[in-house]
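Summary of the model geometry
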Amino acid sequence: MAHTPHELAEEFPDHVEKMSEMKGSNAHFARLFDEYHEINRAIHRAETDIEPTDDFNMEDMRKKRMHLKDEIYGMLTG
């Protein structure tokens, strides 16, 4: 399988250990983490034409990914 860009470990390399800990101890964080990876992979599939989508859906998915990433970062640094 091709490398998927924007994985959280690449986005926040200084927080990899904390993300791992929080996935096991914080259900809300674990849900956000899973949602982020699900939408990120959907974006990657659309960008590589594995599962093409229209521009409006792509924009919505990217916005959702951005909001999830912001919330995850806030939890990691808060």
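The model shown is predicted, which means the values in this text are computed figures rather than measured ones. (Residues numbered from 1 in each chain as written. Predicted model: local features only at pLDDT ≥ 70, side-chain atom pairs only at ≥ 80, totals over all residues. Heavy atoms only, no water.)

1. Overview of the overall build of the chain
Tallying secondary structure elements over the chain gives four helices and zero strands in all. The linear arrangement of helices and strands in the chain, starting from the amino end, is α-α-α-α. Projected onto its principal axes, the C-alpha positions of the chain cover 35 × 25 × 20 Å. Across the 78 residues that make up the chain, the buried fraction comes to 32%. (Helix = DSSP H or I, 4+ residues; strand = E, 2+ residues; numbered from the N terminus. Buried < 20%, exposed > 50% of the residue type's maximum accessible area, 1.4 Å probe, protein only.)

2. Topic: helix α4 (residues 55–77)
If you check α4, its first and last C-alpha atoms are 33 Å apart, about what 23 residues at 1.5 Å a residue would give, namely 33 Å. For α4, the set of buried residues is M58, M61, R65, L68, I72 and L76. Considering only its buried residues, α4 is in contact with α1 (8–11), α2 (16–25) and α3 (27–47). Its side-chain oxygen 3.0 Å from the backbone nitrogen of F56, D54 forms the N-cap of α4. (Expected span 1.5 Å × (residues − 1). Contact = heavy atoms within 4.5 Å. Polar contact = N/O pair within 3.5 Å; in protein donor to acceptor, adjacent residues only side chain to side chain.)

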